[in-house]
Structures are given as C-alpha cells and as structure tokens.
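Structure at a glance
One-letter residues, chain by chain:
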Amino acid sequence: MTGFLDISFLTVQVLSALRLAAFLFLISSGLTLIFGVLNILNFAHGALYMLGAYFMFWVTSQVTGPGGFFLAMAMAPLGVALIGMILEMGLLRRIYIQEEIYQLLLTYALVLIIDDLAKIVFGAEYKSIPKPAFLEGAITLFGGTVPTYTILVVVIAPTVAALLWYLLYRTKTGKVIRATSSDREMADALGINMKALFTLVFAFGAVLAGFGGALAGPARTVFPGVGTEVIIECFVVVVIGGLGNLWGALVGSLLIGALETVGIIVFPEFEMGLIYLLMVAVLVVRPWGLFGKPLKIKALSEKNLSFESQEISPVHFSSRPWLWVIPVVLLLIFPAFAGRFYQYLLTQIFVAALMAVAFNLLLGTTGLLSFGQAAFFGVGAYTVGLLLTKTGTGTMPALGLSLFTSAVAASVIGFFCVRLTGVHFAMLTLAFGQLIFAIAFKWYGFTGGDNGIQGIPVREIPLAGLGLLDIGSTKSMYYFVLVVAGLAVAFLRRVRSSPFGATLKAIRENGQRASYLGINVTLYQWTAFVIAGTFTGLAGGLFALMERSISPEIIHWTKSADPVLMTIIGGIYTFVGPAVGAVVLIVLNSYIVAWTEYWALVLGMVLLLLVLLLPGGVIGFVNEKARDYLTRSGWIRRWLFSKSATS
Amino acid sequence: MAFLEVRDIVKSFGGLRALQDVSLSVEKGEIRAIIGPNGAGKSTLFNVMTGLLSPDSGEVRFDGERISGIPPYRVIRKGIGRSFQITNIFPRMSVFENVQVALFSHHRENRSALTLARNFREVTDEVLAVLGLVGLADKFDSSASVLSHGDQKRLEIAITLACRPRLLMLDEPTAGMSRFESRETIALLQKISREQGLTLVFTEHDMDIVFGISEKITVLQQGMVIADGEPAEIKANPEVRKAYLGEEIAE
C-alpha cells in the first residue's frame, strides 16, 4: 500500500465512496420521503429497487445498444412507479389508520411476494446488465484508474438530488408535500386531497427506488432477495439521518459510503459491523437521528381499535385450570403415536413457541415492537454451543448460563432501546441485532464465523441420586424441550397475569396515564425487555441442543421477523396466540417447502390476507366467534367460564 | 407554609413566555379554581406543577417538599392525583382493570410478577369500592373504550382517586360533558373531597361551576396572575372583568 496520502489511491477511494453514497441516497431519499408523508416505514422499498434493476435488465435485453440502455434507464423507474401506485391504491391505503406493526407487516409481506415473483419471472440466478461500450472502460484521474460508469453515477446522483430539492422547495406540490409531512392534520384542514397526495408521494418514492435499481444494476448484479440487503442499509441511512428528513438521507448516505469504504481498507474483518456500530452510536447520542425530530405520538383514539375488547372477553379458562391438563396430556403421549419426524417437528415448534411467547411480552403486552429478537436467540444458542464444544460444561449449567448471558445482553441493549418508541425503537433493536450478527459472522476465532459451530455434544444430565438422563435421542429430546419450554411458558403466563403484567398492559395502552399513576414507565419497559430477551435466549439454548449445530444465520434480522409473524398470525393480544402462530408457521413451512420452492410467496400471501382481514390473528378470531356463540348458549358459558370479577 | 406553594414560575417555549412569575398558594382542604382565557397558560401551569414540564425558574412545593423538576411518576407518589382535559384512560382494558392497575401502583405491588393479580383480594375489594363511589360498579367488566364519554371521564376520576391523593388536580374535569353530566360530576367531586378532606385544584371553562364550588380563584392572563382571591372579590375585580370575565359574569 502506497499510503493514504497517495493522490491516486485517494481519488479511487473517494470516488468509490461517492458511488456507494449515490446509490444509497437515491434509494433512501424515496424511503424517507414516503415515511415523512405517509408515516409508513416501507420494507418493500428494497424490493422496488430490485424491480428497477430487473426492468433495466429486461429492457436492455430487448433493445440493445446505447439507445436501449438509456431507454431502459427511463422506462425502469416508470415501471416501478406504476407498480408503486398499484400497491398504494390497492393495499397500503387500507391500513393507514392501523397500528404501526400492521403497516410494517404488510410491507414485509410485499417483500416476500415480490421476491418470489421475481424469482418466477426472471429466475433465481444472478443477472448482470450489459453497459454500452462507451461506459464500459475506465479513465485515469489523478493517476488513479476509475471506471467510467462510476463517474456517470457520481454525476447523476447529485443531479437527481438537485431536482428533488427543486421539486420539493420550489414547486407548489412540493410545498404541499412538505407541509403534509410536518403537520398532517393541518394539511387535512387546508383541504388538500390527501388520497391523491399519498399515491403521488408513494409513486415518486418508487421512482427513486426504481431509478436507484436501474443505475446500480449495471454496476452490481441483480438477483431475487437483493432488496433485503439494500433495504437494511437504507434503514441505517435514514435512521442515522433522521426519519423523514431528506438532508438526513443525504448526510447518512455520505457517512455510510465513507465508512464502508474506509472499513474495507482499515478494518476488513468487521466492515459489516461498522455501519451498525455507527447507527447504534448515533441513536444513543441522538435518539431521533442527526436531523430528526421526536415524532408526535399518535393518540390512541386515532388508531383502529377494532379488536379492542379481546383481552377482556369472557373466554377465560382461568376458572377451570384443569382444562390445561388436556393439551399437556396429549403432548405427553404424542411420541407413542408419532414417528421421529413428527417428534422433531414438534420439538422445533416448542422452541419457536417459547421464543414467540417471550417476544409477545414485549409486543402484545407492553406494546414495544422489537426487530432484533434474534440477537438474544443467538446469544443463548452460542452460549450453549460454545460452552459444550469448547469446555466440559454440563448440559444444564450451559443452559442456565444461556439464561444469564442473554439477560446481560438484553439489559445492555434494552437500556438504550427503551428510551425510544415506535419505529425508532424497532430500528434500534434491529441495529443492535445486526451488530451481534456481524460479530458472530466475522469473529472466526471465537464463534467460528460463517461456518458456525457443528457437532455440539449433548451431555447426559445427572439427576441427583437417580443416575444419568440421556437426552440424545429424538424422543428424549422431545420430552426435555417440552418440559423446559413448558415450564418457561408457564412462568411467562404467570408474569403476564400478575400485577406486573397488568402494569405492562397499562403502559401499552397509555404510557402517559401510567406515569401519572406513579409508574416508572421506562423501568418497566426495560424489565419487560430483559425478561423477553432472557427467555428468547433460553429458546436459543434449547435450539442449540436439539439441532447440535448453529450458524450466524439464526441471528440475521430476517430471523427476527419470525416471532413477529408468529405473534401476528396467532393473535397479538392473547397469551397462546404466539404459540399457535409458531405451530402454523412451522407446519406450513415444512409442508409447503416439500410442495413448492415458493414458500415465501405463500407466506407473504397468508400475511397479506391476515393483515387485511384478520388483524386479531387466529386466536383473536376464534375468541370472537366463541364469544358470539357462547353468549347465545348460556349453559356452556356457565359450565366453562365463571363470571369472576377478577379474571 | 401553605400545603401547595407555587413560587415565581417562569416557563418559555422558544421565544414565547407561557408563564411569567406565577405564584400561588393553596391551603389544605381548599377548593381552588384556576381560570383564564384560552392560551392563558393554565395547562402549562398544570404540567409544570405535575412534573411533565420543568420550569425555567421558580419552584413548586407540596407539603414542604420541592416537586418541580422531578418526573411525573415521582410527583404522583408524593400524593398528587391528576386528570387530563382529554380523556386519559386505558382503552383496551376493562373498567375493573383500569382501576386495579392504579391501586397496584398505589400499594407498590406492581412489581410483584409471580403472584396472580386476581389473588390480591384486598385490592379487588378496593377497586369495587372506588367504582361504587363514582357509580361505575355495574360496568366493571366492560371495555373502557366502549363507555360513554361521561362514564369515561368518571372512570378517569376513579383511576385518579384510587391512588389516594391528598391533592387532586383536575384539568377541565367536565370538558365535553352534557350539562347534566357536568352537574353530576361536580357534585361527586365535591362530595369526595369533603369526605376525604382532599385539596382540589381545577381549571374549568364553565363559570357556573367555578363560582359554584370554588373557595378561592386564581385568574391567569397571558401567563401572569392578574387576580387571586375569593369568588366575590374576583367577581368585583375590575381588571378581571375587563380582561376576561366581562360578559360572562355580568349579573
């Protein structure tokens, strides 16, 4: 290396940082614009980017030559805009009044659907987009060799930024858009056609994503799922800059572009972790981002309370606790009737159910959407995996320590996260989660890096005076996980029905009122975060035992979506909902994967229908129907449920 | 020293002075109204007095202790209850649970995580007693969100009372109520504060109510106290008449 002060080296690096920043800015400016006006954090924005690149690929393959290239560059963003308009008018429009979680889930479902559709239409392989000859080469600048295409990107992006500035600050529509993003009610009062404006803004954001894809496509490659990588980087950019703030997106893009370029040179082992580290650092110091302002908290009355009465429905089994004996007995005798495949399947479900139930103490009970729950699952799993492979620790002490390490991790991460709310909270948990993912993925010496840990020995458990318990077989593992996860779930149920649980619910419903009852809201949120993280860690520990091998994949943010999906599928405001969701998701997965490779498409469709038609989830729906039925047939009600005042 | 002492409070937002050297003192057991036209600073004063906002200067003392600048949850624990202009309850919880959670907090039992809530029998009895007091006992198991507006306001009063405050601060307790509902609510508040020896500080737009029940009245205008005294004095005060009340209390 000739050193940093070498001018040719510097030129090359600066331009490569600028190129990255240019791509990031194009995509994230659309993301932040949509958030600013529609108040929706669009997970599908990365998928729109991908579509832009695919459209670019398709048009250039139909019309060759430089003409085709520039035609494609113009057509691709328009195609994406059209799709954006269809999505906004057909789907998003229905959920503006819903709670954040449903908005996030809907756009997440779109990611799954669009990714698989792209796979069906364009195939799963990586596509590269040919550049016209005059953009193919490289030029020499200050002694450094820079690809011509980089120059084009670095020139075009600021042009787009300037155009964007002009549109937003110098045109009437732009002024209306900015007014709406700073005060929606005021805009409404001024008689602005909000419906049309929302569609316009979403389409415009889609144009930016599509253009980003079209421009980046020839420089990178395109493949189904590329959007999930891009969207996370863009989240980092807009969260660092301040959600909804265009200048924030610009500064964030430059920062990330510079950091990644420097990171690759100086800190190649941890380049990926650096951007999450930066995001965490910024949010710890400035919770709303560099240019962001605290969001106005939506009043509860504005939200859709269509499933308001679920939790206090008469469908309580509290007065007949022995009813729980039935499922417990069924699970205990299950292995006598079912083969090893089903025993394994159910063991998987127990682990997932524990994770989801623990997670829902945060989401359903306390009202905090964590998008980094996989981090604690990973901490638990790696604790058990490392202790058992590298030391002679017994199975039970290792599992016990997984509770401890995940509790410590949750205390530290939670301490910073609970100061934020809503989307910001979700984004900070996501950043911490990805930071832990980066550590597990890159730290070969300790965690095994992307190889993970294989061949975790599961030692026999000494039972005081009764010899050794071998949990090596599928069946004995089934019973072991059933008992441990079962006890943990019973514990969580008790917590939820305690005065502590009631306090968490009060915080979810109305934090301000709760603090005016003398409740230290932040402290309770933190405690809930730690409990949820700890039991998620236990689930991870059990996972390491049953699978006997782990990889960093279990910490990736897409895994953090699992408990969210399970909870929403099963029913957010019920205790058993997340567990039911775990059953649905895992059973669906193992059957549909055998039947089609487009599992994500099916899951996306299921989610979409759920968000639009059954926001209360399966159990919420059953409760509602049961209530309707039971209020008509009095004797069943009298038999099954007591009218105790306190249940 | 008075039971509640507000001394020289200054609070600005940006360049706007919302409160300028506001002082007032309330004796134990007193019923005090704080009135003034919209934007006079009543809600800001309430927010400063209950810890939601920190004053730029000045202090608030309650029962001899300084309470300005400490967070609301600690102000409340000293024995102050507050209700809000906009109904502020726990909508997706039952009426019973709304009051129950307040009582758990009052008894410092909300940290018990391993005992079932329904096993706190004394709390259950207390909840029903408080609900009986405000006339909501028969609606204990309905969802708070489906109550009528008047019932929601009463529920909020029940939540506030459950914490056994010594000082009750009510920000427009009858906002949005029908005339009949307001009368009932006011009669209820009067009865409770008399029975329990509560000190009551409230803001209100309805002058019939203000002059009907308060023992002393403080008048705010543009962030300043322009008058302070018994209802008769306030009625007679020319400055008050000129500034604010003029037509409304003209006999």
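Everything numeric in this text was worked out from a predicted model, so none of it was measured.

1. Quick word on the domain arrangement of chain A
All names here are of chain A. Partitioning chain A into structural domains gives domain 1 (7–285) and domain 2 (349–640). Using C-alpha coordinates to define each centre, domain 1 is positioned 32 Å away from domain 2. Taken together, the contacts link 39 residues of domain 1 with 41 residues of domain 2. Together domain 1 and domain 2 conceal approximately 3,700 Å² of surface at their shared face, both sides included; 83% is due to carbon and sulfur atoms. Counting every contact that joins domain 1 to domain 2 gives zero salt bridges. In this assembly, domain 1 and domain 2 are joined by four residue pairs in polar contact (both at pLDDT 80 or more). Of all the secondary structure elements, the ones that give two or more residues to the side of domain 1 that touches domain 2 are α4 (100–122), α10 (226–241) and α12 (271–285). The element best represented in the side of domain 1 that touches domain 2 is α4, accounting for 15 residues. Looking at the side of domain 1 that touches domain 2 residue by residue, the classes come out as 30 nonpolar, three polar and six charged.

2. Some details on the packing of helix α2 (residues 45–62) of chain A against α10(A)
Residue and element names in this part refer to chain A. Their axes nearest at 7 Å, the elements α2 and α10 cross at an angle of 125 degrees. Between α2 and α10, the angle is such that the two are oblique. Handedness of the α2/α10 crossing: right-handed. Along its contact with α2, which presents H45, G46, A47, Y49 and M50, the element α10 presents V226, G227, V230 and I231. Here the residues of the contact of α2 with α10 sort into six nonpolar, three polar and no charged.

3. Some words on the packing of aromatic side chains
Residues and elements named next belong to chain A. Applying the stated rule across the entire model yields 28 aromatic pairs over all chains. Here the aromatic rings of F43 and F371 are separated by 5.4 Å at their centres, their planes lie at 35 degrees, and the arrangement is tilted. Within this pair, whereas F43 is found in the loop between α1 (7–38) and α2, its partner F371 is found in the loop between α14 (340–366) and α15 (373–390), the two being separated by 328 residues in sequence. Take F43 and F371: they sit in the same class, and that class is buried. Centroid distance F500 to Y524: 5.6 Å. Interplanar angle 35 degrees. Geometry classified as tilted. Of this pair, F500 sits in helix α20 (residues 499–509) while Y524 sits in helix α22 (residues 521–547), and the two are 24 residues apart along the sequence. Among the aromatic side chains, those forming a connected cluster through ring pairs are F43, Y108, F235, F371 and W557. Sitting over the face of the ring of Y149, K131 holds its NZ or CZ atom 5.1 Å from the ring centroid. The ring of F575 carries the charged tip of R493 above its face, separated from the ring centre by 5.3 Å.

4. Some words on the sheet that holds strand β7 (residues 167–171) of chain B
Residue and element names in this part refer to chain B. Here six strands make up an open sheet; going across it, the order is β6-β7-β8-β3-β9-β10 and the pairing mixed. Among the strands making up the open sheet, the edge pair consists of β6 (80–83) and β10 (224–229). Strand-to-strand twist across the sheet, computed as the mean angle between neighbouring axes with direction ignored, equals 15 degrees. Bridge count between β7 and strand β8 (residues 199–203): five bridges; the pairing is parallel. Note on β8: the bridge partner recorded for M169 is V201. On top of the sheet, helix α5 (residues 149–162) reaches β6 and β7; it is set at about 165 degrees to β6, its chief contact.

5. Some remarks on a nonpolar patch on the surface
Residues and elements named next belong to chain A. There is a patch of nonpolar side chains on the surface, built from W322, V325, I326, V328, V329, L330, L332, I333 and F337 and spanning about 890 Å² of accessible area. If you trace the backbone, F337 turns up in helix α13 (residues 325–337). For F337, a relative accessible area of 70% translates into the label exposed.

6. Points about the domain arrangement of chain B
All names here are of chain B. Splitting chain B by domain gives domain 1 (1–79 + 166–251) and domain 2 (87–164). The distance between the C-alpha centroids of domain 1 and domain 2 comes to 26 Å. Both sides of the domain 1 and domain 2 interface together cover about 1,200 Å² of buried area, and 64% of this is carbon and sulfur. Contact with domain 2 buries surface across domain 1, with R77, L188 and I192 losing the most and accounting together for 29% of the total. The tally of links between domain 1 and domain 2 comes to one salt bridge. The interface formed by domain 1 and domain 2 includes two residue pairs in polar contact (both at pLDDT 80 or more). Sorting elements by how many residues they give to the side of domain 1 that touches domain 2 places helix α6 (residues 179–196) first, with eight residues.

Calculation notes
- Residues numbered from 1 in each chain as written.
- Chains lettered and ligands numbered in written order.
- Predicted model: local features only at pLDDT ≥ 70, side-chain atom pairs only at ≥ 80, totals over all residues.
- Heavy atoms only, no water.
- Domains from an automatic or database assignment.
- Contact = heavy atoms within 4.5 Å.
- Buried area = accessible area lost by both parts, 1.4 Å probe.
- Salt bridge = Lys/Arg side-chain N within 4 Å of Asp/Glu carboxyl O.
- Polar contact = N/O pair within 3.5 Å; in protein donor to acceptor, adjacent residues only side chain to side chain.
- Helix = DSSP H or I, 4+ residues; strand = E, 2+ residues; numbered from the N terminus.
- Nonpolar A, V, L, I, M, F, W, Y, C, P; charged D, E, K, R; others polar.
- Axes fitted to C-alpha atoms, helices over the stretch in contact; angles between N-to-C directions.
- Parallel < 35°, antiparallel > 145°, perpendicular 65-115°, else oblique.
- Left-handed = near helix turned anticlockwise from the far one by under 90°.
- Phe/Tyr/Trp six-rings, centres within 6.5 Å; stacked < 30°, edge-to-face > 60°.
- Buried < 20%, exposed > 50% of the residue type's maximum accessible area, 1.4 Å probe, protein only.
- Lys NZ or Arg CZ within 6 Å of the ring centre and 35° of its normal.
- Pairing = 2+ DSSP bridges.
- Patch = residues over 30% accessible without salt bridge, like charges linked within 9 Å, V, L, I, M, F, W, Y side chains within 5 Å.
- Areas by Shrake-Rupley, 256 points an atom, 1.4 Å probe, with all protein chains shown as cover.

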